[in-house]
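The primary structure of each chain is shown beneath.
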Amino acid sequence: MPDKDPPRTPADTPLQNEAATPEGVQPLKADLPKRGATLMQAIPALREKIAKGDPVASCQLAREFDFCVGAEDNAAYLSRMEAFRRAPKSAAEARTDTVSTMTDLARIRGEYCTGVSSISPAERISLWRQAALKGHVSSMLQYGSGLAFGNNQALATLDELRVYKGEGPGLVQRVAKNGSFQANLMLARAYAPQLTAPNMTPLLRQAVTRSSATSLAYYRLAKELRSATTESAPSELALDTEMKTLQWSMSPQEVAASEQEYRKLRGELNSGNKAVVDIEALNNADVNQPVPGMELCTDGGVLR
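Residues numbered from 1 in each chain as written. Predicted model: local features only at pLDDT ≥ 70, side-chain atom pairs only at ≥ 80, totals over all residues. Heavy atoms only, no water.

Peer 1: Pulling in residues and values, what's your account of helix 13 (residues 252–267)?
Peer 2: Taking 1.5 Å as the rise per residue, helix 13 with 16 residues should run 22 Å; its terminal C-alpha atoms sit 23 Å apart, in good agreement. Those residues of helix 13 that sit buried are Ser-258, Tyr-262, Leu-265 and Arg-266. For helix 13, the arc enclosing every buried residue in end-on projection is 90°, short of the 170-degree limit, so these residues lie on one face. Exposed positions of helix 13 whose direction lies more than 90 degrees from the buried face are Gln-253 and Gln-260. Buried-residue contacts for helix 13 involve helix 11 (212–226). (Helix = DSSP H or I, 4+ residues; strand = E, 2+ residues; numbered from the N terminus. Expected span 1.5 Å × (residues − 1). Buried < 20%, exposed > 50% of the residue type's maximum accessible area, 1.4 Å probe, protein only. Arc of directions from axis to C-beta. Contact = heavy atoms within 4.5 Å.)

Peer 1: Can you lay out the nonpolar core for me, pointing to particular residues and giving the numbers?
Peer 2: By size, the foremost hydrophobic cluster in this structure holds 69 residues, and its most contacted members are Leu-141, Tyr-143, Leu-204 and Tyr-218. Apart from residues lying up to four places away in sequence, Leu-204 is in contact with Gly-144, Ser-145, Tyr-164, Pro-169, Val-172, Met-186, Leu-187 and Ala-190. (Core = buried A, V, L, I, M, F, W, Y, C linked by side-chain atoms within 4.5 Å.)

Peer 1: Can you lay out the state of the cysteines for me, pointing to particular residues and giving the numbers?
Peer 2: Such a bond, covalent and formed between the sulfur atoms of two cysteines, is termed a disulfide. Applying the stated rule across the entire model yields 2 disulfides. Shown here is the disulfide that connects Cys-59 with Cys-297, its sulfur atoms set 2.0 Å apart. Of note, the bridge from Cys-59 to Cys-297 carries an S-S torsion of about -75° and is left-handed in sense. You can see Cys-59 sitting in helix 2 (residues 55–68) and its partner Cys-297 sitting in helix 15 (residues 295–298), a full 238 residues away along the chain. Across the pair, exposure class does not vary: Cys-59 and Cys-297 are buried alike. Residue Cys-68 pairs covalently with Cys-113 via a disulfide, S to S 2.0 Å. Because the torsion about its S-S bond is -70°, the bridge between Cys-68 and Cys-113 counts as left-handed. Of the two residues, Cys-68 sits in helix 2 while Cys-113 sits in the loop between helix 5 (98–112) and helix 6 (121–133), which places them 45 residues apart along the sequence. Judged by its relative accessible area of 7%, Cys-68 is buried. By sequence-ordered numbering of the bonded cysteines, the protein chain has its disulfides arranged as 1-4, 2-3. (Disulfide = S-S within 2.5 Å.)

Quick look at the structure:
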């Protein structure tokens, strides 16, 4: 009689669970209006779609507003800087100057964003939140991680931050549960009692209750998902270093608790389409672009 196969350990089991909550990622029906010469020309059509409950339009308008924050002021500032630097140079020399390139880009952005400076930070956050609560995966990560709040207008969104504290972590957890590498890594870093990596999501860290056991459990999931993800990811060595930094500070009891937490989280992973959206790369894509891209809002799908 042939030997029976040894029982599978969690690490041997495929990263899916047929008995998990029947939630999955569905493709988006993105039908954004054509972009005009300025954002102001596109806003009415986007608002019309938002009024009908379109999360893609809500995401895109929030992204456009994020892109335009300070664009007009920055264009005016760089224009003055270029004028000052160009004075002692010939026109040919000036046009090869880095500041000239920056100024050209800023000028185009300033023209595209004309008239948008009056939009309040609270409205921007509200748009991200609307899309996130409708299950729009990219917005769930952008809002849930706290990245939507930016770094310069926190005092203007105190009411929104209070609401975020109760919603943000749960949104990221839903995306993580659907197989997102970056969502699991965000949570692993956020739950760590001490920083294990650069603190890119400080609001998420403040919104969770720190736990070495939970952090390590999410790290283990992230490590498993890393091998198959198309999302931006640290090297295997860098990820292992983060995990070891955490493990060295843990007691045997915390390690045991983490094993239980890991098994629980792994058992809750949903089968079906994975929530794959490279939020890191998409957020960096606009740095050198004259107008904001649409990929962040049209990619990633929606959770039903």
